[in-house]
Structures are given as structure tokens and as C-alpha cells.
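Observations on the three-dimensional arrangement
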Amino acid sequence: MDNASKRISSPSCTTHVPQEPEQELILIKFDEGDPRDPQNFSYARKWAITLTCCVFAGITAASSASYSISYESMMHDLNCTQLQATVGLSMYVIGFGVVPLISSSFSEECGRRPLYIVSSVLFMLAEVMNALAPSIQVVIGSRMLQGVFGSTGASLVGGSIADIWQPHERGLPMSLFAFSSIFSFGLGSVFGGLIVANPHLGWRWVQWVHVMFSGAYVLDIILVMSETRSSIVLTHIARDIRKATGDPRYRCSAEIGKPSIKSLIKTSCTRPLYLLLTEPIVQSFSIWCGFTWGVVYCLLESVTTEFQSVYNFSVSETGFIFLSHIGAIIGFIANIYQENLYKKYFSIKRQEARLYMACVAAIVLPVSMFIYAWTASPNIPWIVPVIALTAFMSAVFIIFQVAFLYLADCYGPYTSSAQAGQSLSRNIMALIFPLFTQQMFAGMTYQWGLSLWALLAVVMAPIPWVLFFFGSKIRSHSKISRKILEAEQQLDGEKTVVYSPTEERSMQG
């Protein structure tokens with residue numbers, strides 16, 4: 001290797017890969033401690049990247065929630081029905097549920113940073129389109145585009161965190177990810193309510209405020225975000241070495257036997273569905289999380305109407321009710337305790353050590369829903385149903401946090417696919433539930449309608465308990481889990497830093 005190639009590749013290590021004599025390749029890998037390896041970034045840089053990613057998740061969550069509280073202003077301005085306005089809410093989650101099945105392939109091909117930048121810019125432009133919309137049809141179209149581009153960035157956050165943090169370090173970053181999504185969901189409604197309540201502003205200004213935040217975020221992502229996918233960083237290093245030396249033999253593992261983008265898209269679309277249809281753990285969490293997220297969207301529909309009719313709250317006062325999402329702070333604290341339990345009992349319970357607080361949340365969820373359903377009455381102070389909503393959001397936070405971490409622990413290199421399957425199920429529920437919520441509440445009343453959801457939550461409450469006691473036995477019958485275990489055993493003792501997309505696909509085969 002000449003001086004130029006040493007300067008570019010050091011301190012990465014090279015390995016000769018046996019091929020035909022004239023085709024021998026020199027494999028580029030990260031050496032231990034290489035500062036270019038995302039896992040070796042400084043803590044300051046890791047936290048800057050983590051917080052930047054979480055801000056995008058918060059912006060997209062706030063955009064989803066603030067839209068619903070501005071229905072009345074929109075209906076008056078655009079002369080549309082509430083059902084048409086609700087379709088705009090549902091179209092947003094269509095993009096969130098479907099697009100990640102495809103976008104994960106482009107992160108393998110192009111890296112995460114370019115997708116973050118493109119997604120944030122297009123998300124901002126879709127918000128501009130919404131703010132300038134002359135009709136409800138344009139609003140619906142812009143909302144779908146917001147969901148498409150918002151999901152592309154937000155769906156990468158979990159993967160970005162996994163890129164730079166070791167498994168035992170991911171608890172707090174993943175908690176911040178879940179917290180930014182759940183808390184911003186309520187915060188968006190609060191600010192939306194304050195804006196809409198001003199007669200000189202209205203629903204369009206809700207969108208313009210989002211445009212301002214999104215524009216600031218575009219600058220943040222360009223200045224702060226680094227590429228976090230190891231295989232992409234190694235690909236760039238290998239390309240630079242080839243360019244400097246003129247030697248085409250330098251390759252990283254991701255470049256060897258690299259499939260076409262069409263093949264990547266096919267794999268990323270089919271693998272989440274395969275896991276969703278064949279893996280009991282993915283199925284159970286997808287159903288549980290999907291139901292819970294659907295109920296959250298139902299509450300978006302019920303809270304505004306119920307507190308205005310029962311307690312005569314104004315629009316701005318109703319917005320403050322969504323500060324019950326402060327329950328995300330309680331859930332965040334609970335997950336810090338869960339992390340201590342995980343570290344203490346991991347040697348005994350393995351992956352199921354993630355489920356202690358989920359078992360508690362499974363009980364809190366239906367109980368809080370029953371309390372909220374039957375305490376929203378003129379004879380009962382408004383603070384009582386708000387406390388119930390806060391407890392509900394605490395349980396929701398814990399459930400989503402556990403879903404992220406437990407699936408990551410169980411499915412290793414297949415985490416993105418497992419999460420995509422779970423996300424698809426969750427957002428389908430969020431699409432469907434709001435479309436019949438008002439009709440259901442009109443026919444059954446809020447008390448009995450919410451009680452029906454609470455009863456369904458009771459039926460699903462055993463899910464984390466069953467997995468806590470029998471999860472290891474369930475995984476032992478899983479073909480994919482056995483392959484992951486075999487791969488981990490083969491990697492023991494080897495100096496392998498990078499888990500490339502090629503290695504992941506070879507495991508599945």
C-alpha cells in the first residue's frame with residue numbers, strides 16, 4: 001500500500017479476501033478505536049446526533065396532533081365537513097405506515113444523512129402547501145405528503161440510535177426518542193389551541209408556525225447530522241482509497257455482492273410483512289401497539305368535544321388539556337427504573353428483562369381508560385379525567401418504549417424490519433379508528449364508547465405477561481431467532497465491527 005492509501009485508510013484495517021487470482025479483493029474494516037466508526041463517536045457528538053434525530057420525531061408528532069384541534073377553523077374557512085377534515089388526519093398516518101417499508105432500502109443505498117436532509121426539506125414544503133391550500137382536497141393531499149416525508153425521517157431515528165450506541169447504552173436515547181414523540185403530540189395540541197383561539201390567526205397559522213420550526217430544523221440537520229451507518233462510511237473510505245491509489249481491489253463488505261436497489265426494495269417490503277405474519281412476538285406487539293395508538297387518535301377526537309361540551313372549555317383551554325401528555329415524563333422516569341431492572345435481571349431473564357414495566361402498563365392502560373370514561377361529568381371536577389388521561393399517556397409511553405427495545409433485543413439485524421411491521425400495524429389502526437370515532441361516540445355515548453376500548457385493553461393486557469414468562473420458549477421455536485443466535489455464536493471471538501446489509505441478507509438466506 002503506498003503512502004496515500006495508508007494516509008486515507010489508517011487506522012482502518014484491511015483483510016485479503018480469497019477470490020480468483022486476478023480478482024483478489026482487499027477488504028476495508030474499522031480498526032478498534034477508529035474515530036470514523038460511528039460507534040466510536042465522542043459522547044458529545046453522539047448526543048448531538050441523538051437529540052437532532054429526536055427533534056424530527058417531535059416535529060412530526062406535533063404536526064399530527066395540532067391539525068385535529070384546528071378542525072373548526074378549517075371547516076369554516078374551506079367550507080368542508082368534519083369527516084373531510086378527519087380524512088386529512090388519516091391520510092397523514094397512511095404515509096407514516098407505508099413509506100418506511102420502502103425508505104429503509106434507500107438508507108442502505110444512500111446512507112441516513114441524505115435521507116434526513118431531503119425528508120426535512122420536503123416535509124417543510126408540504127407544510128407550506130398545506131398553509132396555502134385553497135380547498136380541503138389540497139389539504140388532504142398535502143397531509144399525505146407530510147406523512148410520507150415525515151415518516152422517512154422519523155422512521156430512521158431508531159436505526160440512527162442503534163448505529164451509534166451500544167446495546168447496553170440505548171435505553172436512555174430510545175427513551176428520549178419515545179418521549180419526544182409522545183410529549184410533542186400533546187405540545188402540538190396546546191400550541192395549536194392557542195393559535196386557533198386567536199380570531200386574527202386561525203388554522204393556517206398553525207401550519208405557518210410548523211413551517212418556521214421545520215425550516216430551523218433543516219439548518220440544524222445540515223450542520224449537526226453526520227452519517228451514522230457504518231457500511232456507508234466504509235463505502236466512502238474504500239471509494240476514496242480506490243481513487244487515491246487507482247487500485248480497484250479495495251472494497252468494504254457492503255460492496256461485495258451488492259444487490260440492486262430493486263432487490264433491496266423488494267426485501268424491505270416483504271420482510272416486515274413476513275415477520276408480521278409469522279413471528280408471534282412481532283404479531284402480539286403489533287396488535288397491542290396498534291390498538292393503543294388507535295385509541296390515542298380516538299382521544300384526539302373525543303377530548304376537544306367532551307371538555308367543550310361537559311366543562312364549557314374554550315378552544316385554547318381544551319388545548320391545555322393535552323398537557324396530560326406530561327404523562328410521557330412519568331413514563332420516561334418509569335423507563336429509567338426499567339433500565340435498572342434490565343441490567344439487574346438480564347442474566348436471568350435475558351430479553352424478557354425489558355418487560356417489567358410493560359406488565360405494569362398493561363394494567364394501568366385499561367384502568368385509566370375506565371376512569372376517564374366515567375369521570376367526565378359536570379358533577380366531577382375536570383382535573384379527575386385529566387389525571388386519568390395523564391396515567392393513560394404514561395402507559396402509552398412505556399408500551400412504545402418497550403416495543404422499540406424488546407424487538408431490537410429479540411431481532412438484532414432484523415430490528416428495522418420488525419419495527420417496520422409493527423409501525424405498519426400501528427398506523428393502519430391510527431388511520432381507521434378516527435374515521436368511525438365520532439359515529440361510535442354519537443351512537444354509544446362517550447362513556448360506553450371509551451368503556452368498549454377499555455374492555456379491549458383488558459383483553460390485551462396478558463400480552464406482556466405471557467411474553468415475560470414464555471418469551472424465551474416462543475423464540476426457541478422461531479426460525480429467524482435461531483438464525484440470529486447461530487450468527488452471534490459464529491461472531492464470538494471474531495474481530496468484526498461492522499454488521500453490513502450484505503451480512504444481514506445472507507443470514508436470512
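Residues numbered from 1 in each chain as written. Predicted model: local features only at pLDDT ≥ 70, side-chain atom pairs only at ≥ 80, totals over all residues. Heavy atoms only, no water.

**A word on the confidence of the model for the chain**
In the predicted model, the chain carries a mean pLDDT of 77, and the fraction of residues at 70 or more is 82%. Confidence drops under pLDDT 50 across residues 491–509; counting only partners more than four residues distant or on other chains, this segment forms 43 contacts. (pLDDT = per-residue confidence, 0-100. Contact = heavy atoms within 4.5 Å.)

**Here we look at the pattern of salt bridges**
What the rule picks out here adds up to 4 salt bridges. Here D77 and R204 are joined by a salt bridge, their closest N and O atoms 3.2 Å apart. Of the two residues, D77 sits in helix α3 (residues 71–78) while R204 sits in helix α10 (residues 203–224), which places them 127 residues apart along the sequence. Look at D77 and you get partly exposed, because its relative accessible area is 40%. Relative accessible area serves as the criterion here: at 23%, R204 is assigned to the partly exposed category. (Salt bridge = Lys/Arg side-chain N within 4 Å of Asp/Glu carboxyl O. Helix = DSSP H or I, 4+ residues; strand = E, 2+ residues; numbered from the N terminus. Buried < 20%, exposed > 50% of the residue type's maximum accessible area, 1.4 Å probe, protein only.)

**Regarding the nonpolar core**
Grouped together as the largest cluster of nonpolar side chains are 85 residues, with contacts concentrated most on F285, W288, L365, F392, Y411 and W453. Among the elements that line this core, the one with the most residues is helix α17 (residues 383–411), at 17 residues. In terms of nonpolar packing, the next biggest core, distinct from the first, is built from 27 residues, I49, Y116, I164 and W165 among them. (Core = buried A, V, L, I, M, F, W, Y, C linked by side-chain atoms within 4.5 Å.)

**Quick look at the side chain of S142**
By secondary structure assignment, the location of S142 is in helix α7 (residues 136–154). Residue S142 is classed as buried on the basis of its relative accessible area, which comes to 0%. Ignoring any residue separated from it by four or fewer positions in sequence, one finds S142 in contact with A126, M129 and N130.

**Looking at the packing of helix α2 (residues 43–69) against helix α4 (residues 82–98)**
The N-to-C vectors of α2 and α4 enclose an angle of 160°; their axes lie 10 Å apart at closest approach. As summarised for this structure, α2 and α4 are arranged roughly antiparallel, according to the angle between their axes. Of the two possible hands of crossing, α2 and α4 adopt the one that is left-handed. Two secondary-structure elements touch here, α2 through T60, S63, S64 and Y67 and α4 through A85, G88, L89, Y92 and F96. Residues that form the contact of α2 with α4 fall into these classes: 5 nonpolar, 4 polar and no charged. (Axes fitted to C-alpha atoms, helices over the stretch in contact; angles between N-to-C directions. Parallel < 35°, antiparallel > 145°, perpendicular 65-115°, else oblique. Left-handed = near helix turned anticlockwise from the far one by under 90°. Nonpolar A, V, L, I, M, F, W, Y, C, P; charged D, E, K, R; others polar.)

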